[in-house]
Amino acid sequence: MILLTALMLAAQPAPRPRAPVAARRPATTLAARPTADWLSGLWVSDAKKGAQMEGCADWTAVFYQSDGHLVSGELAGRWKLVGDRVHRQKISFDDSAAEGGGDEGVIEGPEEIARIVRLSDDRFREIGTNGKATLYLRCPKPETPVAR
């Protein structure tokens, strides 16, 4: 009986080693890390449920300009991406400085940092320091008027 069991076990093929989890996932499910070039553009939050793209035409959209400026409604600021964290600072502009050619503005308040999770080429989730997550969709038009 023992010999028969040993022969049966020997006749079975050896189990195949499993591939690592990352190798088994389709490449389309693995989103790339966020980059400054990718984040540059016009984005709208998914807060309106069903009317997201309508937000692209109003001042609720966020415009990450490739030169490091940020515009959203009446808000102006600077941004930079460090790893998967976006660092933002609000800027106020002095009209008298603009008349003299100065356009850099004055930084106001503390730096705001949020984690960016790139979901696809046209979607990301922003996670604030308070843990609140907001979904953003890329707008079809890459430009928006700049308010000051």
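Residues numbered from 1 in each chain as written. Predicted model: local features only at pLDDT ≥ 70, side-chain atom pairs only at ≥ 80, totals over all residues. Heavy atoms only, no water.

Below, the discussion takes up the overall build of the chain. Helix and strand counts for the chain stand at four helices and eight strands. Listed by position from the N terminus, the elements making up the chain come as α-α-α-β-β-β-β-β-α-β-β-β. In the chain, 45% of the contacts between residues at least 6 apart in sequence involve partners at least 24 apart. (Helix = DSSP H or I, 4+ residues; strand = E, 2+ residues; numbered from the N terminus. Contact = heavy atoms within 4.5 Å.)

In this section: the sheet that holds strand β7 (residues 123-127). Strand order in the closed barrel made by the eight strands is β1-β2-β3-β4-β5-β6-β7-β8, with antiparallel pairing throughout. Strand-to-strand, the axes of this sheet are offset by a mean angle of 35°, without reference to chain direction. By the bridge criterion, five bridges tie strand β6 (residues 106-120) to β7 in an arrangement that is antiparallel. Note on β7: the bridge partner recorded for R118 is F124. (Pairing = 2+ DSSP bridges. Axes fitted to C-alpha atoms, helices over the stretch in contact; angles between N-to-C directions.)

This part is about the pattern of salt bridges. Counted under the stated rule, the structure contains five salt bridges. For the salt bridge of D84 with R115, the shortest nitrogen-to-oxygen distance reads 3.1 Å. In this pair, D84 sits in the loop between β4 (75-82) and β5 (85-92) while R115 sits in strand β6, placing the two residues 31 residues apart along the sequence. The residue D121 makes a salt bridge to R118 at a minimum N-O spacing of 2.8 Å. One connected set of salt bridges, linked through shared partners, spans R88, E112 and E126. (Salt bridge = Lys/Arg side-chain N within 4 Å of Asp/Glu carboxyl O.)

Let's shift gears to the nonpolar core. Ranked by size, the top nonpolar core spans 13 residues in total, and within it L39, W43, Y64, W79, V86 and F124 carry the most contacts. Put simply, the parts of the chain that give this core at least two residues each are α3 (36-39), β2 (62-64), β4 and β6. If near-sequence neighbours (up to four positions away) are discounted, W79 is found in contact with A36, L39, S40, Y64, Q65, G68, H69, L70, V86, H87 and R88. Residues L42, V44, F63 and C139 belong to the second largest nonpolar core, which totals nine residues. (Core = buried A, V, L, I, M, F, W, Y, C linked by side-chain atoms within 4.5 Å. Buried < 20%, exposed > 50% of the residue type's maximum accessible area, 1.4 Å probe, protein only.)

Take K90: it is sitting in strand β5. A relative accessible area of 41% means that K90 is categorised as partly exposed. Sequence-distant contacts of K90, that is, excluding residues within four places in its chain, are made with L75, A76, G77, V106, I107 and E108.

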